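Per-entry structural report
Residues per chain, in single letters:
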Amino acid sequence: MLLYPPKKMDENEIFVIILLVFVWILVFAIQRHLSALEIFLIWTLNVYLVFTADMSLAVPPVELYDTMDRLEHEIFDFIMFFFGYFPFAYFAMNYFKPRAFSKKQIVLFIIVCAFLTTILEWVAVELNVFTFNGWKSYMSFLVYIVVYSLNLLLLLYIKSKRSKKSLWTKF
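Note that the structure is a prediction, hence the values are computed from the model and not measured.

Now for the packing of helix α2 (residues 36-57) against helix α6 (residues 137-162). For the pair α2 and α6, the least separation of the axes is 10 Å and the interaxial angle reads 150°. When the axis of α2 is compared with that of α6, the two are roughly antiparallel. The element α2 and its partner α6 pack so that their crossing is right-handed. Contact residues: Leu37, Glu38, Leu41, Ile42, Leu45, Asn46 and Leu49 in α2; Val147, Leu150, Asn151, Leu154, Leu155, Ile158, Lys159 and Arg162 in α6. Looking at side-chain class alone, the contact of α2 with α6 contains 10 nonpolar, 2 polar and 3 charged residues.

Moving on: the environment of Val50. Following the sequence through the fold, Val50 ends up in helix α2. Its relative accessible area of 13% is what places Val50 among the buried residues. If sequence neighbours within four positions are ignored, Val50 has contacts with Phe81 and Tyr85.

Turning to the pattern of salt bridges, a few remarks are in order. Enumeration according to the criterion identifies 1 salt bridge in this entry. The salt bridge partner of Lys159 is Glu38, with a shortest N-O separation of 3.1 Å. Here Lys159 is found in helix α6, whereas its partner Glu38 is found in helix α2, with 121 residues between them in sequence. Residue class for Lys159 comes out partly exposed when judged on its relative accessible area of 28%. With relative accessibility at 3%, the residue Glu38 sits in the buried group.

We now examine the side chain of Asn12. Looking at the secondary structure, you find Asn12 in helix α1 (residues 11-29). What makes Asn12 buried here is its relative accessible area of 0%. Of the polar contacts made by the side chain of Asn12, one reaches the backbone oxygen of Asn128; its length is 3.0 Å. When residues no more than four places from it in sequence are discounted, the contact partners of Asn12 are Met68, Asp69, Leu127, Asn128 and Val129.

Reading the values: rules and limits
Residues numbered from 1 in each chain as written. Predicted model: local features only at pLDDT ≥ 70, side-chain atom pairs only at ≥ 80, totals over all residues. Heavy atoms only, no water. Axes fitted to C-alpha atoms, helices over the stretch in contact; angles between N-to-C directions. Helix = DSSP H or I, 4+ residues; strand = E, 2+ residues; numbered from the N terminus. Parallel < 35°, antiparallel > 145°, perpendicular 65-115°, else oblique. Left-handed = near helix turned anticlockwise from the far one by under 90°. Contact = heavy atoms within 4.5 Å. Nonpolar A, V, L, I, M, F, W, Y, C, P; charged D, E, K, R; others polar. Buried < 20%, exposed > 50% of the residue type's maximum accessible area, 1.4 Å probe, protein only. Salt bridge = Lys/Arg side-chain N within 4 Å of Asp/Glu carboxyl O. Polar contact = N/O pair within 3.5 Å; in protein donor to acceptor, adjacent residues only side chain to side chain.

As structure tokens, this is what we get:
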């Protein structure tokens, strides 16, 4: 994949830089409740989901949205793929306590996470990080429900395997 530089440094690149600096400071500042393996697998899942969505929905013939200033992928797209989406899943999974949540609370937790992420995406749309060409915010909300559900399922799966005193406990 060839990555292009931004056409110019404007509000969308500045927003991405400020947001990433802020959220990554938080990632390292908050108390960590996830193992290195859980973090790695959640990061990998989210990079995969973002890349798959972008390659399915933001390229011809579908082209439901564009990112940043170019139709081609630019450096800031790459930065967002690998560093922009993971922190939000990390924050949610870091504070999720499976035994402390009822099934209704888990559903509410997922809905709140999806809602907050949709609001952040709306701000990004206002600052031209995303340009919707048929995509709607309610679609993002539904996608984020799936994304947070997949993250929770992965986390629960990892925790269930680790509790069985297998090779997983070494990580």
